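Next come the chains, spelled out residue by residue.
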2 protein chains.
Amino acid sequence: MREMKVNADSHAYPVYVGENLRFQVGRLLKEDYSSILIISDTTVGELYLEDIMSGINHPHIFHTLVPAGEASKNIEQFYEVHTKAIEYGLDRHSLIIALGGGVIGDLAGFVAATYMRGVDYVQIPTTILAHDSSVGGKVAVNHHLGKNLIGNFYPPKAVIYDVQTLESLDAKQVRSGYAELVKEAFIGDDQFLQQLLDIQLNDINSSQLIEHLYNGIHIKASIVEQDEKEAGIRKYLNLGHTLGHALEAEAGYGRIAHGEAVAIGILFALYVSEKEYGINLPYQQLLGWLHLNGYPLNISGAAPEALIRRMKSDKKNIGSRIQMILLQSPGNVTTKEINEELLTDYLTTFKRKLV
Amino acid sequence: MREMKVNADSHAYPVYVGENLRFQVGRLLKEDYSSILIISDTTVGELYLEDIMSGINHPHIFHTLVPAGEASKNIEQFYEVHTKAIEYGLDRHSLIIALGGGVIGDLAGFVAATYMRGVDYVQIPTTILAHDSSVGGKVAVNHHLGKNLIGNFYPPKAVIYDVQTLESLDAKQVRSGYAELVKEAFIGDDQFLQQLLDIQLNDINSSQLIEHLYNGIHIKASIVEQDEKEAGIRKYLNLGHTLGHALEAEAGYGRIAHGEAVAIGILFALYVSEKEYGINLPYQQLLGWLHLNGYPLNISGAAPEALIRRMKSDKKNIGSRIQMILLQSPGNVTTKEINEELLTDYLTTFKRKLV
Ligand SMILES: NC(=O)c1ccc[n+]([C@@H]2O[C@H](COP(=O)([O-])OP(=O)(O)OC[C@H]3O[C@@H](n4cnc5c(N)ncnc54)[C@H](O)[C@@H]3O)[C@@H](O)[C@H]2O)c1
Ligand SMILES: NC(=O)c1ccc[n+]([C@@H]2O[C@H](COP(=O)([O-])OP(=O)(O)OC[C@H]3O[C@@H](n4cnc5c(N)ncnc54)[C@H](O)[C@@H]3O)[C@@H](O)[C@H]2O)c1
Ligand SMILES: [Zn+2]
Ligand SMILES: [Zn+2]
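For clarity, every value in this text was computed on a predicted model and none was experimentally measured. Counting of residues starts from 1 at the beginning of each chain's written sequence and follows it residue by residue. Each chain takes a letter, starting from A, and each ligand takes a number, starting from 1, following the order in which they are written. In keeping with the model being predicted, local features are shown solely for residues with a pLDDT of at least 70 and side-chain atom pairs are shown and tallied solely at 80 or more, while totals for entire chains, interfaces and linings include all residues. Excluding hydrogens and water, the side-chain figures rest on all heavy atoms present in the structure.

Novice: For the interface of chain A and chain B, give the residues involved together with the corresponding values.
Specialist: Counting from both sides, the interface comprises 34 residues of chain A and, opposite them, 34 residues of chain B. For any pair of parts, buried area is found by adding up, for both, the accessible area (1.4 Å probe) each one loses once the two are put together. Where chain A abuts chain B, roughly 3200 Å² becomes buried across the two surfaces, and 61% of that area is made up of carbon and sulfur atoms. Here R92 of chain B makes a salt bridge to E230 of chain A, at a shortest N to O gap of 3.1 Å. Any pair of nitrogen or oxygen atoms within 3.5 Å is treated as a polar contact; in protein, a donor-acceptor pairing is required on top of that, and neighbouring residues in sequence qualify only through side-chain atoms on both sides. The tally of links between chain A and chain B comes to 15 residue pairs in polar contact (both at pLDDT 80 or more). Elements with a minimum of two residues in the side of chain A that touches chain B: helix 3 (75-87), helix 4 (102-114), strand 7 (138-143) and strand 8 (146-153) of chain A. For the side of chain A that touches chain B, the element with the most residues is helix 3 of chain A, which contributes seven residues. Residues of the side of chain A that touches chain B, tallied by class, amount to 15 nonpolar, eleven polar and eight charged. In what follows, a contact means two residues having at least one pair of non-hydrogen atoms within 4.5 Å. Definition used for salt bridges: Asp or Glu carboxyl oxygen within 4 Å of a side-chain nitrogen of Lys or Arg. Starting at the N terminus, helices and strands are each numbered in turn, a helix being any DSSP run of H or I of at least four residues and a strand any DSSP run of E of at least two. Residues are grouped as follows: nonpolar covers Ala, Val, Leu, Ile, Met, Phe, Trp, Tyr, Cys and Pro; charged covers Asp, Glu, Lys and Arg; every other residue, Gly included, is treated as polar.

Novice: Summarise the site of ligand 1; cite the residues concerned and give the values.
Specialist: All names here are of chain A. Taken together, 26 residues sit near ligand 1, with E70, G102, T127, T165 and S168 positioned nearest. Calculation on ligand 1 without its partners gives an accessible area of 860 Å², and the protein chains cover 90% of this total. Listed by contribution, the elements that provide at least two residues to the shell around ligand 1 are helix 2 (42-54), helix 4, helix 5 (130-133) and strand 8. Among the elements that line the shell around ligand 1, the one with the most residues is helix 2, at four residues. Think of it this way: one heavy atom of a residue within 4 Å of a molecule or strand is enough to make that residue near it. Exposure was quantified through the Shrake-Rupley algorithm and a 1.4 Å probe, taking into account, for residues, occlusion by the shown protein chains and nothing else.

Novice: Hey, could you go over unusual backbone geometry for me, with residue numbers and the actual values?
Specialist: All names here are of chain B. Of note in the backbone geometry, M116 takes a positive phi value of approximately 50° without being a glycine. Of note, M116 is situated in the loop between helix 4 (102-114) and strand 6 (120-125). Partly exposed describes any residue whose relative accessible area lies between the buried limit of under 20% and the exposed limit of over 50%, with all areas from a 1.4 Å probe on protein chains only and scaled to the type maximum. Given the relative accessible area of 6%, M116 is considered buried. Unlike most non-glycine residues, E230 shows phi in positive territory, near 55°. Mapped onto the fold, E230 is located in the loop between helix 8 (206-226) and helix 9 (241-251).

Novice: Break down the site of ligand 2 for me, with residues and values.
Specialist: Residues and elements named next belong to chain B. Of all residues adjacent to ligand 2, which total 26 residues, the nearest are E70, G102, T127, T165 and S168. T127 has a polar side-chain atom sitting 2.7 Å from an oxygen atom of ligand 2. With the chains in place, 89% of the 860 Å² that ligand 2 exposes on its own is no longer accessible. It is helix 2 (residues 42-54) that contributes the most residues to the shell around ligand 2, four residues altogether. When the residues that make up the shell around ligand 2 are grouped by side-chain class, the tally is seven nonpolar, eleven polar and eight charged.

As structure tokens, this is what we get:
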């Protein structure tokens, strides 16, 4: 097991990454709670709920499952989970456990942040992508007009990551998660980047996975520690997300996996960076790796105008200008406003190159 | 104008109490914002929206009104106001202004706390009761199973209190607000308490009102500064609220004004305190003052069992025991668990005395 401490503004919390941790949650909890509510989705609940329960010895433990998928990250499910929490009698000294991928982490985290104005919660991520969502305290639900628009900054009390739960992920989810690892590597660690771009996703063992997740979380955590509320450098973690979110929204949430959309977004950020700064970045290397690992790269169905419109409504924009996260070199991230016209040109050429 | 600084955990903010402030909001704002959304209710909007707008010179200023009354403090209005904020193009550097009573303060504050994970907001309270709700950062909406169950701690950037807006309040609202002032006086300032219990509510002038509100806010602020997240002494501010909330819920929210219910709750807290500690408190003096000022005191319609059930689900309880906030003397607050049976007895006798 690897362990790390993350310093949030309000408190420090441990991140555990290892094997068999799903049976040891009770032991890893540092406080006494009056009751515990495990929130999961139907798929993950089926697979791991019993394992988790078996490792927690508590007289008042409850669970509730929401339908699997991004569509559950909405205000109705949010309210519905609150209803369950009330009906099960949770009070201010109760604990919420988020057992699942990023959808459950964001939804259950936001319920914890708002239930009686905030109760403790623990993240038990079960997707690779959730290494990202489980650390850093961003919690939210989607609004029908945009992703993650309703939420809080509310860090967990612990992150307990059992890599064995990742064995049941399908190839699409593995791709999705590794895209965020690649993103972190581009931002923070060139050696890690080269290591990732050398591997094949269907050929990873447990100790490599632990290492990759640990490295990714480490990069993310060190950024979030410096800028929890995203006043500055935390933005860099949105590398690939301006276009990524737009692609997700255009496809309809859930049709393309979050990380798959982000992968295309990273590639686009490299493309724009090369143009804007007249430099060479590992664009071809990344493109090759994405191909090799079966990432969907054909976005010919999405009209540039529609994508640009989506990009303009991105949270990190000021007013309606479009701010891109770019690289001056791997590890050297920056932000730049690109005017709409130029961006449309970039996007049109980029799309054509991809087909 | 009187002015005070409140130190929240995250930042300090000014509270202004005076006349004509509704025309000076622009001048009192300390930061530049990309856009401004004023949230109010239909009644208050009609009365004061124009005054507020006339004092703010900003190219991107919007407003949205929700129906007046407690029923608007729900998840649907919460979502609907988010929709407006998105449609008006608010970004992370926008400001929300809560113009109204406690319902608007709580609702708009919770929208501000969650819109893109948090934007600045300013409270412009327009009820006497809102002296309480506008300071201290508690924001929330109601769940159909209980009041204020979904919310955050999220302090405003400023509180701008124009006492002239209070002239349009009806007698019921004045009573409701003064009950919270009486509560604060019981908790923090015996001299202020005697001063309040000497006045007649239909006979207050502007400078008295400024003084009373200032004193009330001062007591509240000094408690909240010590315990923002209600881990300890902030609970004391719930004096009268355990029964108060139960009465409100039993009557149906909005049927009896919040402060009117709290007034009965304070009286009950005095009654129980006298019994539990064998002491004398100004029970009769308060009762007389409530009568004199037309507070509704007949609660014979509410069954003790139903009230107790409500009291058990109060947020500040641990598990399902009932914790009461009591006085050992004015200014000397404490909490005590009372068992259900005894509490039923107290409530039954108390009710009978009131008729
Ligand atoms: N809060 C943050 O900082 C942050 C960061 C990145 C992404 N996110 C959010 O994360 C979400 C995407 O996360 P995700 O990709 O994990 O989505 P997800 O939670 O929907 O999981 C994807 C699918 O995999 C299934 N699944 C989960 N674990 C499994 C397992 N161990 N075995 C088999 N199937 C499993 C789920 O049931 C679901 O159908 C998005 O909503 C995104 O906005 C948040
Ligand atoms: N956040 C906190 O710390 C806190 C503390 C106490 C109470 N509260 C909340 O405050 C709410 C009650 O506040 P309230 O009593 O101000 O309710 P409110 O906001 O509903 O106002 C009461 C009524 O008076 C009208 N009104 C408001 N200002 C007026 C004016 N100047 N002239 C004429 N009419 C006016 C409103 O339209 C409404 O119909 C409750 O929801 C309660 O939970 C919150
Ligand atoms: Zn992401
Ligand atoms: Zn109150």
